[in-house]
Each structure stands twice: as C-alpha cells, then as structure tokens.
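# Geometric and topological summary
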Amino acid sequence: MTTVEKIKEIEAEMARTQKNKATSQHLGGLKAKLAKLRRELLAPTSAGGGGPGVGFDVAKTGVGRIGFVGFPSVGKSTLMSKLTGTHSEVAAYEFTTLTTVPGVVQYNGAKLQILDLPGIIEGAKDGKGRGRQVIAVARTCSLIFLVLDVLKPLGDKRIIEKELEGFGIRLNQKPPNIYYKKKEKGGISMTNTVPLTHLDLDEVKAVLSEYKIHNADISFKCDATVDDLIDVIEGNRVYMPCIYVLNKIDQISIEELDLVSKIPHAVPICAHHEWNFDELLSKTWEYLDLARIYTKPKGQLPDYSSPVVLRRETATIEGFCNNIHKAILRELK
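What you see as residue numbers is a count from 1 along each chain, following the sequence as written. Local features in this predicted model are restricted to residues whose pLDDT is 70 or higher, and side-chain atom pairs enter the listing and the counts only when it is 80 or higher, whereas totals over whole chains, interfaces and linings include all residues. Side-chain metrics rest on all non-hydrogen atoms present in the structure, leaving aside hydrogens and water.

As annotated in an unreviewed UniProt entry, the protein is GTP-binding protein from Linnemannia hyalina.

## Looking at the packing of aromatic side chains
Two rings from Phe, Tyr or Trp (for Trp, the six-membered ring) form a pair when their centres sit within 6.5 Å of each other. Planes less than 30 degrees apart are called stacked, planes more than 60 degrees apart edge-to-face, and all others tilted. Overall, the coordinates contain 3 aromatic pairs when judged by the stated rule. When the centroid spacing of 5.4 Å and the interplanar angle of 15° are considered together, the rings of Phe68 and Phe145 count as stacked. In this pair, Phe68 sits in strand β1 (residues 64–69) while Phe145 sits in strand β4 (residues 143–149), placing the two residues 77 residues apart along the sequence. As far as the burial class goes, Phe68 and Phe145 line up, both buried. Ring geometry for Tyr294 against Tyr304: centres 5.0 Å apart, planes inclined by 65°, an arrangement best described as edge-to-face. A residue pair is termed long-range when its members are at least 10 positions apart, and Tyr294 in strand β12 (residues 290–295) and Tyr304 in strand β13 (residues 303–311) qualify at 10 residues. Numbering of helices and strands runs from the N terminus, with a helix taken as a DSSP run of H or I at least four residues long and a strand as a DSSP run of E at least two residues long. A simple rule labels every residue: compare its accessible area, found with a 1.4 Å probe on the protein chains alone, to the largest value its type can have, and call it buried under 20%, exposed over 50%, or partly exposed in between.

## Some thoughts on the packing of helix α6 (residues 201–210) against helix α7 (residues 226–234)
For helices, the fitted axis covers only the stretch in contact; all axes are lines through C-alpha atoms, and the angles between them, taken along N-to-C directions, range from 0 to 180 degrees. Viewed as axis vectors pointing N to C, α6 and α7 meet at an angle of 35°, and their least axial separation amounts to 11 Å. Judged by the sense of rotation from one axis to the other, the crossing of α6 with α7 is right-handed. Along its contact with α6, which presents Glu203, Val204, Val207 and Leu208, the element α7 presents Val226, Leu229, Ile230 and Ile233. We call Asp, Glu, Lys and Arg charged. Ala, Val, Leu, Ile, Met, Phe, Trp, Tyr, Cys and Pro are nonpolar, and the rest, Gly among them, are polar. Looking at the contact of α6 with α7, its residues break down into 7 nonpolar, no polar and 1 charged. Crossings are classed by handedness, with left-handed meaning an anticlockwise turn of the near helix from the far one by less than a right angle and right-handed meaning a clockwise turn. Whether two residues are in contact is decided by their heavy atoms, any of which lying within 4.5 Å being enough.

In structure tokens form, the structure reads like this:
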C-alpha cells in the first residue's frame, strides 16, 4: 500500500467512527498515525526519480517574506504586478504561473519580499500538482496572503486551510502551551494547570504509544486538544500569520461587500483597479509586527529619512547590530 492509500484508509475509518468518550482513545491513536504518514509524505524521497525541478525556492531579502497562496486564476499575479511592478505572467487560463516569481514592495521604509507562487489544487497535501513544492516555499514565509475569489471565498478558504494544515502550517494560531520531555524510566507523568476538557491520561498515552514513547513528562498549561498534542510531539509545525485577500470586489454589490468584510483577518481588494491596497499594506505591517528604529548620530538630530526596520520579536540591540553589520556586535561595549 502506498502512503497516500494508507492515509485515505485511516481518514475513512475516522469518518466511520462515532465521536464519544469510549472511542476518543482510538481516534487519538488514528490521528497520531495520520500525522506520522503525513510526515513521510513531506519528507523528500531520495530513491531515483527525475532530475531537479525548476527552481522554486528564492533567496530571502528584505525584512519579511510574503507568499501568495491560492487556487489558479484568483488574481495572484495581477496583485503581484500591481503591488511590486514586477512582471508576473497574467492570462485568461489557469496555471499561468509555473514557478515562484519574486518581487519587492517598499512600505514605510521597509523592504518586503513578495513571492507569487503557482496555484495549488485540492489534494496538494497528498502530492497532487506541484502542491508539495509550493507549500514547501510557503513554509519559509513570514506571512501568507491567502488570495481568494470573492464570489466563492469561504469554500475555497476551507479547502486551502486544510491543505496547509496537512503540511504542518498553522494559520493565525499560537503554539500550544504544552511542556513535553522524554525520560529514561518512570512511565508517563501528566500534570495540568488548567482543566482539560478535550483530553485525559488514557488518550495522551494512546497518542504517545503510537510514537513509541512510554516514558515522558508532559505538562499542559492550556486546554489542549489531541491535535495540539500531536503538533508538539511532531515538533515540525510552523505557526504563521495569514491575511485572507478577497480579490475581485468589483464584481459584487455594496451589501455583499459589507458581508464579506466581516470575515476575520480578511481584506477585500480589487487587484485590477488597485482598490484598497492601502488597507492591505497597513494590515501587512501589523501582522508582520514590524518596528521602525531611527538612529541618532552623536551630537546631531535623529535621522528620520532611513529607519532600520525590524520584526518586534528580534528588535533587540543584538538584532539591530546584526541588521546593520555582523561585525558591530563583536566591538560593542
């Protein structure tokens, strides 16, 4: 049986199984099996195969890296061309973009790299289309623009989120607050500082035994689910912010626009007419959590023309020095 067939079989069994207290342990084990098989799919196969594919990954530049993910023909390339001035092939047929097209947009003194990725299709997580390579590049981004057609936003959104989750990308989520450490002996010891409504010790043991872990300390500092526990054990999940870009708003009425703008994390735009780009860029700044730092030469006024832009998580003296030049930190008193 191939890995994809095994995944389908487990998914079918999970769909058949009723969710209740008696089956929760069994379902936990199945979810863990599924996560392991998905990891096998992600790992590149070393056996034979063709030569290297057309280059997908691009060297990182700028403060943040934004990847465009979406179905074919939702206007990713048009948005890219209008935002950055970089030419990305646009045509009236699907799969016009076949490789990653990079571009740079300047905003508030920051250089942001933008990657126009080829369209993904349903089943990408199981290796259909070039989905695997596309999502592998998406994993290296600091922010994802999920570009959706405003005429069918929620259905497409759900499908693409499922594809990205299959690849270990968690959108607009924080890593679960679970402490986990293997040990030599002593069995599984579990503690929790908050009441657990989705898990109990038997379920935790079922998941851990699937990973052949029989001795470990595990401490829950949040009300976690089985999926959160599996994410922590796998340890290869990427948590990143995401903006849902609802394109082609020139095709809907004002009343419909009021409705779709209530979707959380969404920005309605029209790439063709360049409508609402300012809100998109200001939201990008907010989601990347950027800070401008102005330098002041000794005895002079601060230089407000060219700020040093850093992500807030790296906005330390060390991060600031490394942004200018790696050698500065060694000479810093």
